[in-house]
Amino acid sequence: MRRLRWLVPTIYIVFLLLPIYWLVNMSFKTTNEILGGFSAWPQNFTIASYVEILTNPVWYNGYISSITYVVLNTVISVAVSLPAAYAFSRYRFLGDKHLFFWLLTNRMAPPAVFALPFYQLYSAIGLFDTPFAVALAHCLFNIPLAVWILEGFMSGVPKEIDETAYVDGYSFPHFFVRIFMPLIASGIGVTAFFCFMFSWVEMLLAKSLTAVAAKPIAAVMTRTASTSGYELGLLAAAGVLTIIPGALVIYFVRNYIAKGFALGRV
Amino acid sequence: MLELVNVSKRVGNEAHIDDISMRLERGTLNVLLGPTLAGKTTLMRLMAGLERPTSGDVRVDGASVLDVPVQRRNVAMVYQQFINYPSMTVYDNIASPLRLARIDAASIDRRVRRAAELLRLTPFLDRLPLSLSGGQQQRTALARAIVKDAGLVLLDEPLANLDYKLREELREELPKIFAESGAIYVYATTEPSEALLLGGNTATLSQGRLTQFGPTIDVYRRPVDLVTARTFSDPPMNVVHGTKAGHVLELEGGGRIPFPPELADIADAGYLIGFRAHHLSLTPSAPDSVALSARVNVVEITGSESFVHLDYAGQQWVMLAPGIHDFETGRIVDVHLDIHQLIIFDHTGRTVAGHERVAKVG
């Protein structure tokens with residue numbers, strides 16, 4: 001038994017990594033090779049797919065608009081959630097606990113439910129097909145999450161620090177930026193990460209609320225596949241490039257996330 | 001001068017502070033003494049302006065400061081927990097109230113270094129607070145409170161979380177530091193011995209009420225009621241019911257002892273008799289001290305002295321006896337009570353007569 005201990009984790013990791021490897025593998029093949037047969041590594045190694053994506057504006061604009069609304073959303077979510085979480089963490093007011101829980105119930109409905117109202121509302125005020133439309137729509141899910149995570153981190157800071165700062169003469173904004181935010185920096189990092197990830201992987205709202213100008217990469221991928229046949233190599237390469245930002249962000253916040261788990265709020 | 005005028009603080013139906021009036025003069029050290037939840041911290045927060053009283057007024061030099069925000073009250077506060085700004089160095093921590101007051105850099109530097117010198121923090125000025133020991137962290141917090149030259153310095157059990165040796169050290173230093181400034185110092189503690197060591201004035205608090213306020217030694221010797229006496233006694237004050245009949249005091253449980261002659265002019269009635277642990281002894285402490293038989297419950301030995309917990313006719317007493325004593329549980333011992341140290345309370349707990357006498361030499 002002892003000697004086989006490595007077996008289960010190895011199988012698990014292979015299962016997890018195999019699709020990713022296959023995606024990378026396909027991205028370096030030509031579409032003909034992908035359709036022609038089954039090979040564990042590229043027979044005619046090519047980076048043509050990547051060159052196509054990085055030089056063709058139809059492709060790289062998809063990335064740019066995706067990143068634009070994701071970053072916008074992350075900034076808005078964190079900026080709005082910081083004061084909200086501070087209020088939940090520090091003040092007692094009528095219905096505070098109910099309101100706090102209600103925030104979370106916003107995450108219980110599938111995004112598709114809101115696609116139609118958002119579509120009509122944003123069309124009415126001219127936000128349709130802009131990165132703002134998607135960024136604001138994603139706030140519906142990300143702000144409750146951000147408030148929850150940040151509240152956990154903030155409640156870990158003794159309120160005596162706030163009071164000491166006021167006694168010392170700090171005004172609230174000065175205290176918040178100069179003393180408080182450095183204390184919950186890891187919480188802000190974790191929150192930004194989760195906002196980034198949810199917004200980055202969410203496709204349905206992103207596709208429904210854009211048409212041409214702010215089309216996200218996920219929409220570009222499906223459209224290209226339908227107009228010019230099945231460009232599987234190109235699609236695979238686009239998929240690989242879609243994974244990279246998430247992987248990078250995870251790498252940078254991996255230590256903070258462990259801390260977030262320890263606080264029981266992630 | 002800080003004045004509290006009929007200050008009350010209610011949260012829901014609970015009175016955290018119940019109608020407290022007191023007047024603190026400049027250049028004095030005032031100890032707030034009381035058990036946990038007596039309202040010490042709430043009272044300090046009201047003095048600081050971190051909370052607003054439900055009713056009553058807080059006045060500085062005669063003018064109400066209820067509407068002055070805490071940032072402009074010129075107070076400093078040190079908590080039981082070691083509260084510093086973790087993202088700033090010790091130097092920046094100490095300097096921060098001065099920087100907010102827009103004082104020029106040269107005098108900030110001078111004052112920070114002087115405060116650091118006073119609290120022996122000079123070698124740590126470039127370190128972050130969390131990399132220091134608890135004592136050093138608390139000294140940083142104290143330095144930040146002192147450097148500000150605030151008119152009112154609030155210290156909320158500042159030594160409670162420190163280890164024994166550091167407490168002794170800081171406890172010696174604090175009165176010297178206090179003496180240097182003309183500020184009003186308020187020091188909250190749960191320990192009677194700390195109040196006595198610090199001197200100054202003491203206010204005893206119990207369940208949100210101020211029971212007595214005056215020079216520390218007076219409050220200790222002449223508590224106005226049983227609650228104050230209990231608050232200001234560690235180990236707890238021993239109490240026994242007794243009935244005065246002329247020159248005899250009949251104790252509940254059958255003992256008959258002479259009534260202290262100097263208190264003999266009070267009426268014959270039932271009273272509560274209180275005395276402190278060190279007024280019981282194993283050998284007669286005065287020529288006319290009386291012997292009583294009590295059963296030993298348990299003995300706590302601190303080293304130089306022993307706390308002997310006794311059962312006298314159902315009353316739990318504590319005797320402070322010098323040296324190490326090793327009585328087995330259940331043993332009956334003769335204990336001697338110095339009748340001149342008795343404090344007589346009526347059935348409502350008000351002091352009727354008696355106080356702790358000053359020790360005589362020879």
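Predicted model only: the values in this text are computed from it and were never measured.

A. Just the domain arrangement of chain A, in detail. Residues and elements named next belong to chain A. Taken as a whole, chain A is organised into domain 1 (1–46) and domain 2 (56–262). Relative placement of domain 1 and domain 2: their C-alpha centres are 32 Å apart. Counting residues at the interface gives 9 residues for domain 1 and 8 residues for domain 2. With 4 residues, the top contributor of residues to the side of domain 1 that touches domain 2 is helix α1 (residues 7–27).

B. How the structure looks around the domain arrangement of chain B. Here the domain parsing of chain B yields domain 1 (2–223) and domain 2 (235–353). Just the C-alpha atoms count here: the centres of domain 1 of chain B and domain 2 of chain B sit 37 Å apart.

C. Molecular detail of the sheet that holds strand β11 (residues 238–245) of chain B. Residue and element names in this part refer to chain B. Taken in spatial order, the 6 strands of this open sheet run β13-β12-β11-β14-β20-β21, and their pairing is antiparallel. Every other strand in the sheet has two partners, leaving β13 (256–258) and β21 (351–353) as the edge strands with one partner each. Within the sheet, the average angular offset between the axes of one strand and its neighbour, ignoring direction, is 40°. As paired strands, β11 and strand β12 (residues 248–251) are joined by 4 bridges and run antiparallel to one another. Residue pairing across strands places Lys-244 opposite Leu-249, the latter belonging to β12.

D. Just the interface of chain B and chain A, in detail. Facing the 17 residues of chain B at the interface are 14 residues of chain A. Of the residues that constitute the side of chain B that touches chain A, the class distribution is 13 nonpolar, 4 polar and no charged.

E. Just unusual backbone geometry, in detail. Going from Asp-234 of chain B to Pro-235 of chain B, the amide bond is cis rather than trans, its omega being 0°. Within the secondary structure layout, Pro-235 of chain B lies in the loop between α8 (226–231) and β11.

F. Focus on the packing of helix α4 (residues 57–90) of chain A against helix α7 (residues 131–155) of chain A. Residues and elements named next belong to chain A. Relative orientation of the contacting elements α4 and α7 amounts to 40°, with a least axis distance of 6 Å. In this structure, α4 crosses over α7, and the sense of that crossing is right-handed. Here the residues of the contact of α4 with α7 are counted per class, giving 20 nonpolar, 9 polar and 1 charged.

G. Quick look at the packing of helix α2 (residues 90–100) of chain B against helix α4 (residues 134–147) of chain B. All names here are of chain B. Where α2 contacts α4, the two axes come as close as 8 Å, and the packing angle between them is 25°. If you check the angle between α2 and α4, you find them roughly parallel. The element α2 and its partner α4 pack so that their crossing is right-handed. Residues Val-90, Asn-93, Ile-94, Ser-96, Pro-97 and Leu-98 of α2 form the contact with α4, whose own contacting residues are Thr-140, Ala-143, Arg-144 and Val-147.

H. Structural detail: the confidence of the model for chain B. When pLDDT is averaged along chain B, the result is 89; 99% of the residues meet or exceed 70. Predicted complex, confidence summary: ipTM 0.81, pTM 0.80.

Rules behind the numbers
Residues numbered from 1 in each chain as written. Chains lettered and ligands numbered in written order. Predicted model: local features only at pLDDT ≥ 70, side-chain atom pairs only at ≥ 80, totals over all residues. Domains from an automatic or database assignment. Contact = placed C-beta atoms within 7 Å. Helix = DSSP H or I, 4+ residues; strand = E, 2+ residues; numbered from the N terminus. Pairing = 2+ DSSP bridges. Axes fitted to C-alpha atoms, helices over the stretch in contact; angles between N-to-C directions. Nonpolar A, V, L, I, M, F, W, Y, C, P; charged D, E, K, R; others polar. Left-handed = near helix turned anticlockwise from the far one by under 90°. Parallel < 35°, antiparallel > 145°, perpendicular 65-115°, else oblique. pLDDT = per-residue confidence, 0-100.

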